[in-house]
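Fold and geometry: a report
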Amino acid sequence: MRRSAARNVSVVAAAVALLSACAQALPSSVATTPRPPEKTPVAAGYGGAVASVDTDASAVGIEVLRQGGNAVDAAVATAAALGVTEPYSAGIGGGGYFVYYDAKSRTVQTIDGRETAPRSADSSLFLEGGKPIPFADAVTSGRGVGTPGTPATWDTALDAWGSKSLKRLLEPAERLARNGFTVDATFRSQTEANQARFADFPASAELFLPGGQLPVVGSVFKNPDLARTYAELGRKGTDTLYRGDLADDIVRTVRKPPVDPAATRVVRSGDLTARDLAAYRTKRQAPTKVSYRGLDVYGIAPSSSGGTSVGEALNILERTDLSRATQAGYLHRFIEASRIAFADRGRWLGDPAFEDVPTKGLLSQRFADSRACLIKDDAVLKSPLAPGDPSDPTPCATGGTAAPTTYEGENTTHLTAADKWGNVVAYTLTIESTGGSAITVPDRGFLLNNELTDFSFAPANPAVHDPNLPGPGKRPRSSISPTIVLDGHARPVLALGSPGGATIITTVLQTLTGHLDRGLPLVEAIAAPRASQRNGAATELEPGLWNSPVRAQLEAIGHVFTQNPEIGAATGVQRLPDGRWLAAAEKVRRGGGSAMVVRPAGKPGK
Ligand code: GLU
């Protein structure tokens, strides 16, 4: 999501930028509007709900619901709008994972719309002379671009469960691209963070640095190329992106990235072909499922590590009564369960089309119990912790070779939607880094992803097989964790998700336990200061925990911490006991999110 890079953007900075906006001459294509739309982190009412990071995008989803669309229609329309207003986080040049609860059948179903590597890719994709190329070089290259999965995800979702045409659902986003949205401090800051990269690609510079300048806060940002691209997708269908003109443009751009001849940056080309795009398919697959304190928690199965990691950690935590624990006791258990889940994730998770992924074993209570046995109340596990073996769950086993968690970017966006029939969608979509590859497809108005950098460039642990090495048509391991929780009658309780690369898993876990165990209202569970442990020596803490007495209590038993100014940016929806929907988003992180319902009623409760 575009707020990721905005960690240091304060209200003061926003005000300063706004003032400077008045002083600067605006490029001719840019007009000013009085102020950005208001954001609300929580709303409750009837008729359906949408929560996203962006007011314009949430409003698009609400409008679709109001016009009789269902949650899937609303999710697709909201996602398309996020492609306009959050172009550095999501768009048709990327991929994602879609989790859907169908009220009629009371079942949860999912779509894996992950980007795939070219057919020619092998484990040496990111090696040169036997050595990994620098991560930043791989990010800004054609090499890191996978076949986009987002347009196919929209098609798959609408074919299976939608009620409106893609053409119709793209129209509000098309209008938003044509008429523009109001630039906020975050958008400007994210553009600034990418300025040097964008400047090296004329198509990106022309779009995101109008007149050679950063977009001005308070101005209107238009993307007529994207409006035309959406119109074409609506008219011709997404086939144009996988087999038609748009496919040709993508392939040409990846194979010969259109770099400014004056740029000194080395931009490697990619080997994506028309055949790769034509061969792209989403996967509809069963969700992951664990039971947790009488509820059923559904997530996304591999190729994402989200469902198995959140599921395993919940199974571990279920053995402790977290509602009675002290704050330090709760955080200790949460941190240790996360550490263990990440140790197992690193060893076992990859694309199941290529790797023997023990999904069932990782989600089994027996395996979780064998791992929970490692946790002590008065001591901290050492990282990197060795993985367990789900095929042979031996209590407290410490065998295996430990490996650190590989680096992943931290940028994407999550939306959650529900409708009046009771259907629910949790959908996380991404182009990987903030600004993806920084390569805009010329005249098309969207950035290409760098999702393939989620692969391990070289084995994380040379002694053991790494399931996340690149391969032909392989999906890089993701951490995306859209989650839907049902009650014992298979009725929705809540749905949520977050951006944040590998921190997604810990954010979803902490928010779930914050609400379900610690009794925080959903919006407060989202707002609570976060910790993230991913089988590393130190656990990251947001300032709210770093500056709290709980840190010293945890350090006293051996925890080591580093600061992370901001972790994740969740959104969720909840079915309230009285039948209303509650939508919830961030209060503060990244400028706050936007929660809306179709017909607001009553005060948002727990
Ligand atoms: N590429 C990351 C993943 O799939 C998502 C990036 C993010 O969430 O910020 O796990």
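This part takes up the overall build of the chain. In terms of helices and strands, the chain carries 21 helices and 20 strands. Over its C-alpha trace the chain gives a radius of gyration of 22 Å, about what one expects of a compact globule, namely 25 Å for 606 residues. Summarising its shape, the C-alpha atoms of the chain cover approximately 65 × 65 × 50 Å along the three principal directions. A separation of at least 24 residues holds for 73% of the contacts in the chain among residues at least 6 apart in sequence. Carbon and sulfur atoms provide 53% of the accessible area of the chain, an area that totals close to 21,000 Å².

Counted residue by residue, strand 20 (residues 594-600) has 5 buried out of 7 residues, so it is predominantly covered. In this structure, strand 1 (residues 42-52) lies alongside strand 20, joined through 6 bridges in antiparallel fashion. Residue G45 lies in a different strand from strand 20, and its bridge partner there is P600.

Within the structure shown, the criterion is met by 15 aromatic pairs. Plain terms: the ring middles of Y242 and Y280 are 5.7 Å apart, the flat faces sit at 15° to each other, and that makes the pair stacked. In this pair, Y242 sits in helix 11 (residues 239-242) while Y280 sits in the loop between helix 13 (274-279) and strand 8 (283-285), placing the two residues 38 residues apart along the sequence. Residue Y242 is classed as buried on the basis of its relative accessible area, which comes to 5%. Taken together, the ring pairs connect Y88, F181, F187, F198, F208 and F221 into an aromatic cluster.

This brings us to the pattern of salt bridges. Evaluated as defined, the whole model comprises 33 salt bridges. Of the charged contacts, one joins R268 and D137 as a salt bridge, the two residues approaching to 3.2 Å between their closest N and O atoms. One end of the pair, R268, is in the loop between helix 12 (245-255) and helix 13; the other, D137, is in helix 4 (residues 135-139), with 131 residues separating them in the sequence. Overall, R268 belongs to the buried group, its relative accessible area being 13%.

What follows concerns the state of the cysteines. Following the criterion strictly, the structure yields 1 disulfide and no others. Covalently, C373 is tied to C396 through a disulfide, its sulfur atoms 1.6 Å apart. Since a negative S-S torsion denotes a left-handed disulfide, the C373-C396 link at about -105° is left-handed. Placement of C373 in the loop between helix 17 (365-372) and strand 11 (413-419) and of C396 in the loop between helix 17 and strand 11 is noted, with a sequence separation of 23 residues between them. Looking at C373, the relative accessible area reads 29%, which means it is partly exposed.

Whether parallel or antiparallel, the strands of a sheet pair through hydrogen bonds between backbone atoms. Strands sit in the order 15-16-17 across an open sheet of 3 strands; the sheet is mixed. Of all the strands in the sheet, just strand 15 (531-532) and strand 17 (561-563) have a single pairing partner and so form its edges. Two strands pair when backbone bridges link them, and strand 16 (residues 539-541) and strand 17 are joined in this way by 3 bridges, in the parallel orientation. Considered in strand 17, the bridge of T539 is made with F561.

Now for the site of the ligand. Around the ligand, the structure places 17 residues, and the nearest of them are N411, E432, E451, D454 and S478. Interatomic distance of 2.7 Å between a side-chain N/O atom of E451 and a nitrogen atom of the ligand. Here S479 contributes a backbone N or O atom positioned 2.7 Å from an oxygen atom of the ligand. With the chains in place, 100% of the 300 Å² that the ligand exposes on its own is no longer accessible. Its residues placed into classes, the shell around the ligand shows 3 nonpolar, 8 polar and 6 charged.

For the rest of this paragraph, the subject is the nonpolar core. Proteins that are soluble and globular tend to have nonpolar side chains buried together. Among the nonpolar cores identified, the biggest contains 76 residues, and F98, W154, Y230 and I250 are the most heavily contacted of them. With 11 residues, the single largest contributor to this core is helix 3 (residues 71-85). By size, the runner-up hydrophobic cluster in this structure holds 66 residues, among which are A49, V108, I480 and A595.

To continue, consider unusual backbone geometry. Cis rather than trans, the peptide bond between S383 and P384 has omega equal to -5°. Looking at where P384 falls in the secondary structure, it is placed in the loop between helix 17 and strand 11. For R106, which is not a glycine, the phi torsion comes out positive at approximately 55°. Looking at the element boundaries, R106 is found in the loop between strand 2 (95-102) and strand 3 (107-113). A positive phi angle is found at A490, which is not glycine, with a value near 60°. Residue placement: A490 occurs in the loop between strand 13 (483-486) and strand 14 (492-497). Of the residues examined, A490 reaches a relative accessible area of 22% and is grouped as partly exposed.

Our focus in this paragraph is the environment of A177. Along the chain, A177 falls in helix 6 (residues 166-179). Its relative accessible area of 0% is what places A177 among the buried residues. Residues A177 and P224, spaced 47 residues apart in sequence, show a C-alpha to C-alpha distance of 6.0 Å.

On to the environment of E524. Considering the arrangement of structural elements, one finds E524 in helix 19 (residues 522-527). Distance in space between the C-alpha atoms of E524 and A343 is 29 Å, their sequence separation being 181 residues.

Considered for burial, the residues of helix 12 that qualify are L246, A247, D249, I250, V251, T253 and V254. Against helix 10 (224-236), helix 11 and helix 13 lie the buried residues of helix 12.

Let us look at the confidence of the model for the chain. Per-residue confidence for the chain gives a mean pLDDT of 92, with 92% of residues at or over 70. A low-confidence stretch, residues 1-36 (pLDDT under 50), is modelled with 75 contacts involving residues beyond four sequence positions or located in other chains.

Calculation criteria
Residues numbered from 1 in each chain as written. Predicted model: local features only at pLDDT ≥ 70, side-chain atom pairs only at ≥ 80, totals over all residues. Heavy atoms only, no water. Helix = DSSP H or I, 4+ residues; strand = E, 2+ residues; numbered from the N terminus. Rg over C-alpha atoms; globule rule 2.2 N^0.38 Å. Contact = heavy atoms within 4.5 Å. Areas by Shrake-Rupley, 256 points an atom, 1.4 Å probe, with all protein chains shown as cover. Buried < 20%, exposed > 50% of the residue type's maximum accessible area, 1.4 Å probe, protein only. Pairing = 2+ DSSP bridges. Phe/Tyr/Trp six-rings, centres within 6.5 Å; stacked < 30°, edge-to-face > 60°. Salt bridge = Lys/Arg side-chain N within 4 Å of Asp/Glu carboxyl O. Disulfide = S-S within 2.5 Å. Near = heavy atom within 4 Å. Polar contact = N/O pair within 3.5 Å; in protein donor to acceptor, adjacent residues only side chain to side chain. Nonpolar A, V, L, I, M, F, W, Y, C, P; charged D, E, K, R; others polar. Core = buried A, V, L, I, M, F, W, Y, C linked by side-chain atoms within 4.5 Å. pLDDT = per-residue confidence, 0-100.

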